[in-house]
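If you want the building blocks of each chain, they are given just below.
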Amino acid sequence: MATASALAVLTACGGSGGDSRTEGSDGKPVTITFWGWAKGTQEVVDAFNASQSDIRVTFEETPSGNAGGYAKISNAVKAGNAPDLVSIEYPMLPEFVSQGAVQDISSHLPDDVKKKFLPQAVELTTLGGKNWAVPFDASPQAFYYRKDLFEKYGVEVPKTWDDFRKAAEKVKKADKKARIGTFFPDDPTTFQAMVWQAGAQWFKAEGDTWKIDTTDAATAKVSAYWQGLLDDDLIRSNASFSPEWTNSLKSGGTVGYLGASWGAGVLKGTLPEQSGKWAVAPMPTWDGKPASGMLGGSTFAVTKDSKKAEAAVEFAKWMTTTEDGIKARIESGTSSAFPAASELRPAAKSAFDTEYYGGQDIYQVFEDAGASIGPNWAWGPTSGTTNTAIKDAFGKVTTGGATIADAVRAGHDATVSELDKRGLKVEG
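Everything in this summary refers to the structure shown in the same document.

Bringing the sheet that holds strand 14 (residues 278–281) into the picture now. Read across the sheet, 3 strands follow the order 13-8-14 without closing on themselves; strand pairing throughout is antiparallel. Two strands lie at the open edges of the sheet, namely strand 13 (256–260) and strand 14, each paired on one side alone. Strand after strand, the sheet turns through a mean of 25° between neighbouring axes, direction not considered. Pairing geometry for strand 8 (residues 141–146) and strand 13, over 5 bridges, is antiparallel. By the bridge assignment for strand 13, Y144 is matched with Y257.

So, in structure tokens, the structure goes:
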């Protein structure tokens, strides 16, 4: 995941934070503003505010990042009225760093804190040798399935992608209106997690040069596989978390969901009436051996003009490294976050009500998947551009106007063009 050297070129424009001393010498608490969208966040803010009197957090819930949250943050930074602390998913952090929208928080994040987190999470938040965000959750992949309908249709839980295709065929044969899962044309990150799992490495920094490789064998294999599922009508194509997707799950028209650890809370909150009908399995892999990418996952970053970085990071550390912070989020009943801080996973596990999943120890599934996250993936500094191009092309895939391979090429070309425009060295 070494992005340090090439990001050094970018981070020169990153915010340095200015005066980040904690205010409050007058005896009054420091008040910080925080924007985010993750499930259970309001409960976390309330718990933090009740736990001490030195820092007061004012929380504003925003749309999720790709649904407008990132645009809102960017516009606020440009206007000079951004909050102190914001949620940013791992894939988008390099973009915000390269734009100078967030500040270096290295001085507030000592090694003893960083050691608490999954190494991959620290790698993804360390750019140019500097720390730009506090990792919150790791987000290994998982497969959610309707165990009642799998049993009814005589479908075995797939362990490999070959198994998955056979299971998809069996589901469709048992009920011509049912499908095993969904392709999300609006969400390139789900596809990227698949190629990460397969061993691809799209972005690599060497010296001061970005090397872009989306034509590798792993990416070609994943692209062809999903194209085949779509061509043979073995999966649905719905926008992620859309009414169409939700209604299909409610009706039993879709019997599986290829997601991440946080998806357990999503299903529980979206389909409460299906309690006891769902189970969680490891993601299918190409050779049957454990392997995972990361799908999303959140960090907390301090915006460039905040003068309260010390207090903002203190709150971020409380959210991410304390049992009270984790319990407050998960006991909300809407979150199944898998903490990047490994020592907090038992607290997360005990706080999550497993009744929805029939008492299954779903956190053990996440733990095993987390241990199998591939170490070589890095996100490039133009994720917004890359993903917009892929998303636009994905929208044409189901109409026959493009293929998944075309979408990958579009993302590649848009990335190279944007890096060139920014004056960065690029190969690929």
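Let us keep going from here.
For the rest of this paragraph, the subject is the pairing of strand 3 (residues 85–89). Within a regular beta strand, the side chains point alternately toward one face of the sheet and then the other, so they alternate between its two faces. Across the 5 residues that make up strand 3, a large majority, 5, are buried. The alternating pattern of strand 3 places L85, S87 and E89 on one face and V86 and I88 on the opposite face, and all of these are buried. Of the strand pairs in this sheet, strand 3 and strand 15 (residues 298–302) are connected by 5 bridges, and their pairing is antiparallel. Along strand 15, the bridge assignment pairs S87 with F300.

Quick look at the environment of P140 now. On the secondary structure map, P140 appears in the loop between strand 7 (137–138) and strand 8. Its relative accessible area of 0% is what places P140 among the buried residues. As for P140 and A193, which are separated by 53 residues in sequence, their C-alpha atoms are 8.9 Å apart. Setting aside chain neighbours within four positions, we find P140 in contact with A260, S261, S292, G293, M294, F338, F366, A369, G370 and I373.

Once that is clear, we can look at the sheet that holds strand 17 (residues 425–427). Read across the open sheet, the 3 strands follow the order 10-11-17; overall the sheet is mixed. Of all strands in the sheet, those with a lone pairing partner are strand 10 (203–206) and strand 17, marking the two edges. The mean angle between the axes of side-by-side strands here comes to 30°, regardless of whether they run parallel or antiparallel. By the bridge criterion, 4 bridges tie strand 10 to strand 11 (residues 209–212) in an arrangement that is antiparallel. Counterpart to K204 in the pairing with strand 11 is K211. The strands that helix 18 (residues 404–421) touches are strand 10, strand 11 and strand 17; relative to strand 11, the one it contacts most, it runs at about 170°.

The next subject is the pairing of strand 13. Taking burial as the measure, the 5 residues of strand 13 include 5 buried ones, the bulk of the element. Here strand 13 shows a buried face lined by G256, L258 and A260 and a second buried face lined by Y257 and G259.

Turning to unusual backbone geometry, a few remarks are in order. In this structure, D233 is a non-glycine residue whose phi angle is positive, near 55°. Here D233 shows up in the loop between helix 10 (217–231) and strand 12 (236–237). Notably, F241 is not glycine yet its phi reads approximately 60°, a positive angle. Its relative accessible area of 37% is what places F241 among the partly exposed residues.

Thresholds, definitions, all that
- Just so you know, the residues in each chain are numbered from 1, in the order the chain's sequence is written.
- Totals for whole chains, interfaces and linings use all residues, but because this is a predicted model, local features are given only for residues with pLDDT of at least 70 and pairs of side-chain atoms are given and counted only at 80 or more.
- The basis for the side-chain values is all heavy atoms of the structure; hydrogens and waters are excluded.
- By the convention used here, strands pair only if DSSP detects at least 2 bridges between them.
- Per the convention used, a helix needs a DSSP run of H or I reaching at least four residues, while a strand needs a run of E reaching at least two, with both numbered from the N terminus.
- The convention used is that axes are lines fitted to C-alpha atoms, helices contributing only their stretch in contact, and that angles between N-to-C directions extend from 0 to 180 degrees.
- Relative accessible area decides the class of each residue, using a 1.4 Å probe on protein chains only: under 20% of the type maximum gives buried, over 50% gives exposed, and in between gives partly exposed.
- Should any heavy atoms of two residues lie within 4.5 Å, those residues are considered in contact.

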